[in-house]
Amino acid sequence: MSLIGKEILSFNASAYNSGTGEFIEVSEQNLKGQWSVVCFYPADFTFVCPTELGDLQDQYATLKELGAEVYSVSTDTHFTHKAWHDHSDAISKLEYIMIGDPSQTISRNFDVLDEAAGLAQRGTFIIDPDGIVQAAEINADGIGRDASVLVNKIKAAQYVRNNPGEVCPAKWKEGEETLKPSLDLVGKI
């Protein structure tokens, strides 16, 4: 079942704020009032996951400039996130919030839980300030994601939100032409 256009479900979780080095509590309310990127991954101390989280860190400043906060989520605990942050060169560079989901509630809410393994799949979600899912991507375990595409997706989602009646075509970049769906465009694109 697609989550696009649906409001995120409630949750409460402990997290490690890698930017401040503190443990914090996070709920669905933290994902509202701003743009949010929620990046699920299978597990700490693994192989593809640190490359993805490091790549997400490389985009973090740009995402923040766009008014988006980043949250990574795995079924590990917030304690495990801190230990990984303290012992991995790649993860020690992270500045965003790492949510622990040992109850698997958040992974279930976003429909990315691999029930047999008890781990989250590689899912990325863009959530608007109202808590509505605007974009989702889910990859198989062996396929790492490219965080740079999030920048353009958020720019497009923000444009569409701020310009009702307009849509962004494939490969749209900020400042390029958009489309206004109408009877006049049918069959002409």
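Everything numeric here is computed off the predicted structure, so don't read it as measured data.

It is worth spelling out the pairing of strand β5 (residues 97-100) at this point. Looking along a regular strand, one sees side chains alternate from face to face of the sheet. Residues I97 and I99 point to one face of β5 and M98 and G100 to the other, with burial holding for every one of them. Two strands pair when backbone bridges link them, and strand β1 (residues 12-17) and β5 are joined in this way by three bridges, in the antiparallel orientation. Bridge pairing in β5 links A15 to I99. Traced from strand β4 (residues 68-74) through helix α2 (residues 78-87) to β5, the parallel crossover comes out right-handed.

Taken as a whole and assessed by the stated rule, the structure comprises nine aromatic pairs. A ring pair is formed by Y16 and F23, whose centres lie 5.9 Å apart and whose planes are at 65°; its orientation type is edge-to-face. Through pairs of rings, three or more aromatic residues link up here, namely Y16, F23 and F79.

This part covers helix α1 (residues 48-65). Each turn of an α-helix holds 3.6 residues, which means side chains three or four residues apart point in the same direction. Helix length check: α1, at 18 residues, gives a terminal C-alpha distance of 27 Å against a target of 26 Å (1.5 Å per residue), a fit within 8%. Taken together, the buried positions of α1 are occupied by C49, P50, E52, L53, G54, D55, L56, Q57, Q59, Y60 and L63. As for α1, its buried residues are in contact with β3 (35-40), β4, α2, β5, β8 (122-127) and α4 (148-162). Two residues or fewer after α1 comes G67, characterised by a positive phi angle close to 80°.

Attention shifts here to the nonpolar core. L53, L56, L63 and M98 are the most contacted members of the largest nonpolar core, which totals 25 residues. Contributing elements (two or more residues each) for this core: β3, α1, β4 and α4. Take this core: its biggest share by element is five residues, from α1. Excluding residues within four positions of it along the chain, M98 makes contact with A15, Y16, S18, Y41, L53, S72, H81, W84 and I91. Core analysis: the second largest hydrophobic core is formed by 20 residues, V38, F40, I99 and V133 among them.

With respect to the helices and strands, the residue I91 is situated in the loop between α2 and β5. When its relative accessible area of 0% is taken as the criterion, I91 is described as buried. Sequence separation of I91 and S18 is 73 residues, and the distance between their C-alpha atoms is 9.0 Å. With residues near it in sequence (within four places) discarded, I91 still touches P50, L53, W84, H85 and M98.

Before going further, it helps to examine the pattern of salt bridges. Applying the stated rule across the entire model yields 10 salt bridges. In this structure, the salt-bridge partner of K32 is E7, at a minimum N-O distance of 2.6 Å. Here E7 lies in the segment before β1 and K32 lies in the loop between β2 (22-27) and β3, a separation of 25 residues in the sequence. Residue K32 is classed as partly exposed on the basis of its relative accessible area of 22%. Of the charged contacts, one joins E52 and R122 as a salt bridge, the two residues approaching to 2.6 Å between their closest N and O atoms. Here R122 lies in strand β8 and E52 lies in helix α1, a separation of 70 residues in the sequence. Here E52 falls in the buried class, since its relative accessible area comes to 5%.

What counts and how
- Sequence order as written defines residue numbering, which begins from 1 separately in each chain.
- In keeping with the predicted nature of the model, local features appear solely for residues at pLDDT of at least 70, side-chain atom pairs appear and are counted solely at 80 or more, and the whole-chain, interface and lining totals rest on all residues.
- Each side-chain value is derived from all of the structure's non-hydrogen atoms; neither hydrogens nor water enter the calculation.
- Burial classes: relative accessible area under 20% of the type maximum marks a residue as buried, over 50% as exposed, and values in between as partly exposed (1.4 Å probe, protein chains only).
- By the criteria applied, helices consist of DSSP H or I runs no shorter than four residues and strands consist of E runs no shorter than two, each listed in order from the N terminus.
- Note on pairing: DSSP must find at least two bridges between two strands before they are called paired.
- Whether a crossover is right-handed comes down to one check: with the strands pointing away from the viewer, does the path from the first strand over the helix to the second run clockwise; if it does, it is right-handed.
- In this analysis, rings of Phe, Tyr and Trp, with Trp reduced to its six-membered ring, are considered paired at centre separations within 6.5 Å, and the interplanar angle assigns stacked below 30 degrees, edge-to-face beyond 60, and tilted for intermediate values.
- To estimate the expected span of a helix, count its residues, drop one, and scale the result by 1.5 Å.
- Here, two residues are considered to be in contact whenever any of their heavy atoms come within 4.5 Å of each other.
- In plain words, nonpolar cores are sets of buried Ala, Val, Leu, Ile, Met, Phe, Trp, Tyr and Cys residues tied together by side-chain atoms within 4.5 Å.
- Definition used for salt bridges: Asp or Glu carboxyl oxygen within 4 Å of a side-chain nitrogen of Lys or Arg.

Purely spatial values, then, with no claim about function.
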